[in-house]
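# Fold and contact review
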Amino acid sequence: MNKHLYITDLDGTLLRGDKTLSVYSRKQLNYLLKEHKIHFTVATARSYNYVSQVLEGIDVQLPVILKNGAVTADFASGKHINVNHIEEEYWHELVDDIGEYMLSPFMSTYNGYAENYYYDHVSGEGMQWYVKEMQSGNDKRLVRLPILHAAPAEDKVLSVSVINRLEIIEKVRDELQYRYRNVLHCHFYEELYHPGWYWAVFTNKLATKDQAIKLLCEQLGYSIDDTTAFGDSHNDKTMLQLVKHKIAVSNADKRLIEIATEVIGNNEEDSVIKYIEKRISTATYHSPA
């Protein structure tokens, strides 16, 4: 099947530093989707709520990859197509284990029709500003519970995440990642919009961007060798390692730049869209009459 797939991360890659898609990128992406019928989607750590807002008005036809690969969803409706959740026994244990570090986690869930973002109490400055940020944005997903174990039975847990300073999160990551190595994956990264704060996000072992892309390609008939992925953070490493065309923006983590087949401009310069435009233009120029 002769069709090329483009998959991009959002924050720090496609989006500008103010969490928006520029006027230029918005206009040109819609043009490429409509006139050139490009095969385009996103793979992000974010939820459907966030993705649908920042890409509002963009005619994305393909499913979007969310929560670092825990979810694949229809872009237009938000309907979850593939879900890799954490089994109840493991998230119960994980929440208790995180509590041993005197930390309180967030818990992202899906109940079949809506996502929730639970917490029971605030521990630390990092968690405090994140709760305030969600509250100020009137994010309906944020729900406070007496204890996380009281989450409704119908909710499937997508991730358990904790935020704090580097030395604390590194310890949590190293110890718990090893303890749950056979069943969970730990995504570890610095908070892009609040440098100095770090996340450890635990998901199902299968919830990674590369595995979600593999499944998407299998289901929709794409070839990994005809796939281009764009990223900026260490969290994007697995998907760049998977595909043939590995593109890092110039503001990317050095570890990502090292494995990239090409480095383009930064996320403030519409670099992802300009790369796709150039590739389409070159392909059109060289196509037989």
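For the structure itself, look to the data block above.
### So, helix α5 (residues 125–136)
The end-to-end C-alpha distance of α5 is 16 Å, a good match for the 16 Å that twelve residues give at a rise of 1.5 Å each. Along α5, the residues that are buried comprise G126, M127, W129, Y130, V131 and M134. Buried residues along α5 sit against β6 (106–110), β7 (115–119), β8 (142–144), β9 (156–164) and β11 (198–204).

### A few points about the sheet that holds strand β12 (residues 227–231)
Hydrogen bonding along the main chain pairs the strands of a sheet, whether they run parallel or antiparallel. Read from one edge of the open sheet, five strands run β2-β1-β12-β13-β14, paired in parallel fashion. The open sheet has two edge strands, β2 (39–42) and β14 (262–264), and neither has a second partner. The sheet shows a mean angle of 20 degrees between the axes of neighbouring strands, taken without regard to direction. Inspection of the sheet shows strand β13 (residues 245–249) paired to β14 by three bridges, in the parallel sense.

### Looking at the sheet that holds strand β4 (residues 71–73)
Spatially, β3-β4-β5 is the arrangement adopted by the three strands of the open sheet, whose pairing is antiparallel. Every other strand in the sheet has two partners, leaving β3 (64–66) and β5 (80–83) as the edge strands with one partner each. Averaged over all neighbouring strand pairs, the angle between strand axes comes to 25 degrees, with direction disregarded. Pairing of β4 with β5, which is carried by three bridges, proceeds in the antiparallel orientation. Bridge pairing links T72 to N82 in β5.

### Focus: the pattern of salt bridges
Scanning the entire structure with this criterion turns up ten salt bridges. One salt bridge in this structure joins K171 and E175, with 2.7 Å as the shortest N-O distance. Residue K171 and its partner E175 are located together in helix α6 (residues 166–179), separated by four residues, close to a single helical turn. Relative accessible area serves as the criterion here: at 44%, K171 is assigned to the partly exposed category. Between R173 and D174 there is a salt bridge whose closest N-O contact spans 2.9 Å. Given the relative accessible area of 18%, R173 is considered buried. Residue classification places D174 among the partly exposed residues on the basis of a relative accessible area of 41%. Through salt bridges with shared partners, a single network forms among D9, K209 and D236.

Cut-offs and rules
Residues numbered from 1 in each chain as written. Predicted model: local features only at pLDDT ≥ 70, side-chain atom pairs only at ≥ 80, totals over all residues. Heavy atoms only, no water. Helix = DSSP H or I, 4+ residues; strand = E, 2+ residues; numbered from the N terminus. Expected span 1.5 Å × (residues − 1). Buried < 20%, exposed > 50% of the residue type's maximum accessible area, 1.4 Å probe, protein only. Contact = heavy atoms within 4.5 Å. Pairing = 2+ DSSP bridges. Axes fitted to C-alpha atoms, helices over the stretch in contact; angles between N-to-C directions. Salt bridge = Lys/Arg side-chain N within 4 Å of Asp/Glu carboxyl O.

So, to be careful, I would describe these as geometric facts and stop short of saying anything about function.
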